[in-house]
Structure formats: C-alpha cells, structure tokens
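Results of the structural survey
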Amino acid sequence: ARHNEIGKTGEDIADIFLKSKGFEIVERNYRKPYGEIDIVARLPAGKAGGKFKTHFVEVKSVSHGMPTGVAHETHRPEENVHPQKLRRLARVIQAYLFSHETVGEWQFDILCVYLNTSTRRANVKWLKDIVIN
C-alpha cells in the first residue's frame, strides 16, 4: 500500500539523518506482539568513559506535492503518536531494555519526515526526549 511505501521511505531518510548526526543504528523495526519501535540508535553520551545513550525513535512520515496531497503545514504527523500509541511504545522500549540488558541513559524521540513528491526532497523535524509514562 502507498502508506507503507511512504513509511519505509521515511524510515530510510530518518536512518540517514541520524547517521549524519553521529548516531550508530543498532536496530530497525524492533517488534513485539504489542508494538514496534522504528529505530534504536546510540550516541556517545560523552568522551569520558565511552558511555552510550540509547535513543528509541518513532518515525512519522507524510507526503505532499501531489495534486490531491495535503500540504505539510496543515498536517502534523507527530499528532499520530497518541496516548495509546505512547503506552505501546513504552512497553516495547521496556522489553528492549530488559532483553538487551541495556545500561546507561536512554530517551524517546520522534522524527517527522515531510516528503515532497514533486521535488523528491525531504525535510526532517526532530522532537527530542519525549516523556512517556
């Protein structure tokens, strides 16, 4: 389906974006029966001690530029990360931390990818350190 194609393209762009910021992609599409986290990435927390900070990244993509498309100014993909979705993501993150015996700090981020199908370009908005309960 078209939305799956847009989502995959958005995740690929998010992957490239994070790598350009110095992240190491640890895993993509970590799945559990109750949910999925799009990207698990690591970034050195600081030079001292070589500790890493783990980032759990949810990618939300929207395309525009088609005659029937919606301009990205009127559609905020992060609004699709509603409270029920956050609860599922929190559970997936908890499972990942437990099963991978992850130590150190972690945070949850949302990357919004705006795809322009006319120009074949993308813009990325990074919402950092989102609080989830």
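Residues numbered from 1 in each chain as written. Predicted model: local features only at pLDDT ≥ 70, side-chain atom pairs only at ≥ 80, totals over all residues. Heavy atoms only, no water.

**Describing the layout of surface pockets**
Estimates place the volume of the largest pocket at around 350 Å³. Lining the largest pocket are 18 residues, with His-3, Asn-4, Ile-6, Gly-7 and Lys-8 sitting closest to its centre. Within the residue set of the lining of the largest pocket, elements represented by two or more residues are helix H1 (2-20), strand E1 (24-32) and strand E3 (52-64). A per-class count over the lining of the largest pocket returns four nonpolar, eight polar and six charged. When its volume is computed, the second largest pocket comes out at roughly 240 Å³. At the level of elements, H1 and strand E4 (106-116) are the ones that each hand at least two residues to the lining of the second largest pocket. (1 Å grid on protein atoms, 1.4 Å probe; cavity = no way out; pocket = protein on both sides within 12 Å on 5 of 7 lines; lining within 4 Å. Points joined across faces, edges and corners; volume = space filled by probe spheres on them. Helix = DSSP H or I, 4+ residues; strand = E, 2+ residues; numbered from the N terminus. Nonpolar A, V, L, I, M, F, W, Y, C, P; charged D, E, K, R; others polar.)

**Things to note about the confidence of the model for the protein chain**
The pLDDT averaged across the protein chain works out to 86; a share of 87% of its residues lies at or above 70. In the model of the protein chain, E3 stands out as the element of lowest mean pLDDT, 91, in contrast to E1, which has the highest, 96. Contacts of residues 66-73 to residues separated by more than four positions or lying in other chains number nine contacts, the stretch itself having pLDDT below 50. (pLDDT = per-residue confidence, 0-100. Contact = heavy atoms within 4.5 Å.)

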